[in-house]
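# Commentary on secondary and tertiary structure
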Amino acid sequence: MTPYAFEYTRASSVDEALALLDGHDNAKLLAGGHSLIPAMKLRLSNPSMLIDVSGISELAQITASETAVHVGALATHRAVETSEIVQAKCGVLAEAAGGIGDPQVRNKGTIGGSLAHADPAADYPALVLALNAAIKVAGPSGTHLIPAHDFFLNLFKTALQDGEIITEVIFPALSARSGAAYAKFSNPASKYAVVGVAAWVEVDEHGMCTGARVGVTGAASHAFRASNVAFDLSGKHLTAETIAAAVAGMADAHEMLNDLSASSEYRAHLCSVMAQRALTEAAARAMG
Amino acid sequence: MSQTIHVTVNGAAREAEVEPRMLLVDFLRQTLSLTGTHVGCDTSQCGACTVHVDGVSVKACTMFAVQADGSAITTIEGLAGDGALHPLQAAFREEHGLQCGFCTPGMIMAAADLLARNPSSSEGEIRHALEGNYCRCTGYHNIVKAIQNAAGQMS
Amino acid sequence: MSDYIGTSVKRVEDQRFITGRGRYTDDIVLPNMTYACFVRSPYAHARINGIDTEEARNRPGVVAVFTGQDIVDDGINPIPTGWQIGEDMKEPPHHTLAVDKVRHVGDGVAVVIAETKAAAQDAAEHVHIEYEPLPAVADMNEALADGAPLVHDDAPNNVSFHWELGDKAAADAALAAAHHITTYEIVNQRLIPNAIEPRAVIGDHNVATDDLTLYTSSQNPHLIRLLLCAFVTGLPEHKVRVISPDVGGGFGSKIFHYPEEVFCAWATRKIGRPVKWTAERSESFVTDAQGRDHLTTAEMGFDADGKIVGLRVDTAANMGAYLSTFAGGIPTWLYGTLLAGQYTTPAIYVHTQGIFTNTVPVDALRGAGRPEATFLLERLMDLAAKEMGRDPAGLRRMNFIQPDQFPYDTPVVLQYDSGNYEAALDKALDILDYDAFRQQQQQARAEGRLIGIGFSTYIEACGIAPSAVAGAIGARAGLYDSGMLRVHPTGKVQVYTGVHSHGQGHETTFAQLVAHHLQIPMEDVELVHGDTAQIPFGMGTYGSRSLAVGGSAIYRALEKVLGKARKIAAYKLEAAEEDLEYVGGQFTVKGTDRSVSFGDIALTAYVPHDYPIEELEPGLEFNAFYDPKNFTFPFGTHICVVEVDPDTGEVEILRYVAVDDVGEVINPMIVDGQVHGGIAHGIGQALFEGAVYDEDGQLLTGTFMDYTIPRAADLPMFEVDRTVTPCPHNPLGVKGAGETGTIASTPAVVNAVCDAVGARDIQMPMTSERVWRAIHAARSSGDGQA
């Protein structure tokens, strides 16, 4: 359907965007629009004003420091997928971005837009949790960082307040002897994650696991960390057996979503399978 | 509540008054009478509406025309230059990559974007690159062959 | 001049499609046009206690708001069904817009017409309808149960008809005496067609001439005109023109006479302006006729040698809330008559009942009854082979009808005219390298990989249909077609066909046919289709009939044209007709170099100065109506090889081999394309597609987010080949190729996955979860593989 009528304006800076958000009830930020516009076409989302921020070019930059990759909120999935910086310093992010939606969607959808929308089956949340990213937010009272584990609260709900805008996502660079991977089981119709598991591991010089984080998306009402899995692997060598043991029963079927695309039981099973695949690949990368 | 937008469409500068809620695909089809771009779904999945905006493939049903103010748009009607067919258009005919033709403009525009990014795509890469384009007629077999054919012509 | 028959000529119609200059119904803009938005029921079953259109009528841009009562008050009749099944068939009225009750989610209740589509959609939200929800039935078993809510008050137990075919006593006796019986219970799940072009209609009333033009995305414009005029509106046929412009796929879903067609035809006359309606995709999901939806129990009996001795089938077929145009015929005459398959089964009995439920109406969908029959047979054969410890290819082979048994009278009415089933099977086995495959399968299994193979040896009946037969089995129309050849004075030719191309490439194939026989260049021939004002009455395209029936009509017209041309040539060359030969587009007196060209003859016919005017009229134009002598019987073997991921249940198709016999082939490229597309549909049913209604009749799979149609990455390259056994009863020797892929493929895929996993059966669509569960069930019950 045609969306309801709305006003459209463009912001050329973060400050201008914040001022416009502050000045209008029921205004929404428009970046790539590939979560918002489909909802507006269903008349499920009916903002009276759209503030197009896609022209704020400083928010589209992808840069690297010694220890982190700074991905501007307006970086498209395609930009993340093809960024040499991301590929070099945090390759799993590029791989995951390359699996979001389809090529046309990736040309428009942005990481900031995706994270703010917090679809429970989006891919980035798993990465953000596994890689311990921080989300930089600008608002009326200045900028602040929201750590990954505080960001995803509930179905389509994040720690972002009204009137705030994500400006960048900071991913720690993968150190030597660490590795990360993302394994996704897609819904054949929507291509969203039925279960998507991002795994990050770090090993010492003897190949023993000194750190692990597992981020799961698609399986529950919001992305979560499977801390039990990480805990199980800590201090062990990462072998097929230890990984299999760690992921067995990692998800409680009662907490899994149950819908047309997968039952809770199957989802719980897929969590283990995808976690096993992600951890296996992450371990290989850490040790290779 | 209309706004004036300036867009370049298939190389021609166009100016128009549009309501912000007008989708780009409707702007192309109705305001500019470029009906080659089609609407096949309402969940941004089928890809029949694929055009190029500022050089990359985009689903015109998931953009508002006002977002394209200042941009350059290429539709299927503008793909061929100087009256000659684009190699993809010729290849789709050569390989029987279309039957009813409804998905074809979007399919060709998506393929053009693919080949611009990855001129030597494998069969698997081609199939994955078409994830945003549905066809109900061909089973994709000849579409893949058409894209391979065009890639060969263009290399 | 090329030999056009059998040549893969590149398509004539492509030029406009690849350049974005196709003309689909929604592309058409008429002066002063208005836009219609339908207000549809959100309930599967409810009484309409009141409709208040006052507020909507006053919204910006609104031209009119109409309800079902407005239409009935104007004397518009309900939309009829076109197939009578049994004398007691319950055929409740299907009004253009619901009047007293809504009977499925999506049932139209009111329509807003406005200056723009957006204005119509905005105003539609201000139509206030007082619904009184009623209990709904979506499931057939529930619909049949005592005390179930009635979809229609005059259809007790929600039954529309009972139908049976075959010999029950013989089948019962054969099964009672059988050495082995294989039983099978199936849900052949409901599918949603989803052609990529959503349906669209424009009604355009010319106030000055009182003519109506209806543009509609239809597979059969003449049929629409006939139903619209003779049965629904009473408008005189000669004042109504129906145009099917470019149509973006049909697959059956665009055959039927839909409420939106009636509405636009009626409304344009009410408001004196064109009225356009185009479906939103989510609207297509609840208004396009859906397909399949059978519940079947079947038993197949075998003797000790593995020969089939009998088959007994009982099917409940979901009709949905109303009987759509062909609905009753699909699970009866297009289904039961195919239950012999390629086999010499001597005793068959089938009973079908058509059931009403509070769901979208069900009707023909690519294959229309024949996929359901083939699925049943080919699954039974694989199940039986496993149960009896026989090779699935071998069990089929030993039951084939042999080439010397044709014409073969099946126990289910059809007489197969010709066939060679073993040739197709052997060719397919050869392409696959079956023996090598079985070895690879064993090795793979030893490694823990789940690889499976599935067969489908099918026959189908298409090229519908002989009119007398059609009438005898309850079709309310004849199924001949028309072909008219108009030769212009300069020797260029236009061909008018009563069938319609919505992807099948008729503009190319039919031009090849005409150019070949007239021995003129293809560029001199143009096909005209889809316009009742230009074309003699035809029945449209479905049931793989275009070439077999429409093409044969053209052939008959060609014979008339060439016959008259020969007479004119004989006159001009002062020779006897039998002394002339027609070669290279020239009539030549045998043994001389005296000749006259087709072009000269055409000019002479239209400038008949030196001409046998006493014996021959001027002009060179003929129409022919062709009524087929019989159905045609394409057949073949499809083989599918899959690998299943044991951890997730995901299915990957490793290979897909299809060997089809569609008789003579005019354009191999186009036939292959039809087979590819048909296979994709069948794979879609096997692995991906399935409409899901909840117990309240809500369609849960209402968009592409939940209803999966195959994408490029889901399908392999297909390996397609042919055998050629010409059809003996039409002049072209062709059988039709549009549906074979769909008919054959679904059981091949299901057989392959069951073989891979070691499961007896897996419900379609075989989603990864269902396959995963089957893997576990097979492991825990210790089911080995055959």
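Quantities reported herein were computed from a predicted structural model and do not represent experimental measurements.

### Focus: the domain arrangement of chain B
Residues and elements named next belong to chain B. Here the domain parsing of chain B yields domain 1 (3-78) and domain 2 (87-154). In this structure, domain 1 and domain 2 have C-alpha centres spaced 21 Å apart. Residue-level contacts link 18 residues of domain 1 with 13 residues of domain 2. Here domain 1 meets domain 2 over a buried area of about 1,200 Å², counting both sides, of which 60% is carbon and sulfur. Considering only the side of domain 1, the residues that lose the most area to domain 2 are His 38, His 52 and Ile 76, jointly responsible for 40% of the buried surface there. At the boundary of domain 1 with domain 2, the tally comes to six residue pairs in polar contact (both at pLDDT 80 or more). Those elements giving two or more residues to the side of domain 1 that touches domain 2 turn out to be β3 (50-53) and β4 (56-59).

### Considering the interface of chain B and chain A
Taken together, the contact between chain B and chain A spans 31 residues of the former and 30 residues of the latter. Summing both partners gives a buried area of about 2,500 Å² for chain B against chain A, and 57% of it is carried by carbon and sulfur. Of all residues in chain B, the largest losses of buried area upon contact with chain A belong to Arg 21, Phe 64 and Gln 67 of chain B, amounting jointly to 25% of the total for that side. Linking chain B with chain A are two salt bridges.

### Quick word on the pairing of β4 of chain B
All names here are of chain B. Here β3 pairs with β4 via four bridges, running antiparallel. By the bridge assignment for β4, Thr 50 is matched with Lys 59. What sits between β3 and β4 in their antiparallel hairpin is a turn of two residues, with Asp 54 showing a positive phi close to 50 degrees.

### Topic: helix α8 (residues 259-271) of chain C
Residues and elements named next belong to chain C. Over its 13 residues, α8 runs 18 Å from end to end, which matches the ideal 18 Å to within 8%, given 1.5 Å per residue. Burial runs high along α8: 11 of the 13 residues are buried. When we look at burial in α8, the residues that qualify are Pro 259, Glu 260, Glu 261, Val 262, Phe 263, Cys 264, Ala 265, Trp 266, Ala 267, Thr 268 and Ile 271. Remark: Gly 272 follows α8 within two positions and exhibits a positive phi of approximately 70 degrees.

### Structural notes on the sheet that holds strand β3 (residues 49-52) of chain A
Residue and element names in this part refer to chain A. Here three strands make up an open sheet; going across it, the order is β1-β3-β2 and the pairing parallel. Edge positions in the sheet fall to β1 (7-10) and β2 (27-30), since each of these pairs with one other strand and no more. When strand polarity is set aside, the average angle formed by the axes of neighbouring strands in this sheet is 25 degrees. As paired elements, β1 and β3 share four bridges and run parallel to each other.

### Regarding the domain arrangement of chain A
We note that the domain assignment places domain 1 (7-52), domain 2 (57-172) and domain 3 (178-287) within chain A. Just the C-alpha atoms count here: the centres of domain 1 of chain A and domain 3 of chain A sit 35 Å apart.

So, how was this worked out
Residues numbered from 1 in each chain as written. Chains lettered and ligands numbered in written order. Predicted model: local features only at pLDDT ≥ 70, side-chain atom pairs only at ≥ 80, totals over all residues. Heavy atoms only, no water. Domains from an automatic or database assignment. Contact = heavy atoms within 4.5 Å. Buried area = accessible area lost by both parts, 1.4 Å probe. Polar contact = N/O pair within 3.5 Å; in protein donor to acceptor, adjacent residues only side chain to side chain. Helix = DSSP H or I, 4+ residues; strand = E, 2+ residues; numbered from the N terminus. Salt bridge = Lys/Arg side-chain N within 4 Å of Asp/Glu carboxyl O. Pairing = 2+ DSSP bridges. Expected span 1.5 Å × (residues − 1). Buried < 20%, exposed > 50% of the residue type's maximum accessible area, 1.4 Å probe, protein only. Axes fitted to C-alpha atoms, helices over the stretch in contact; angles between N-to-C directions.

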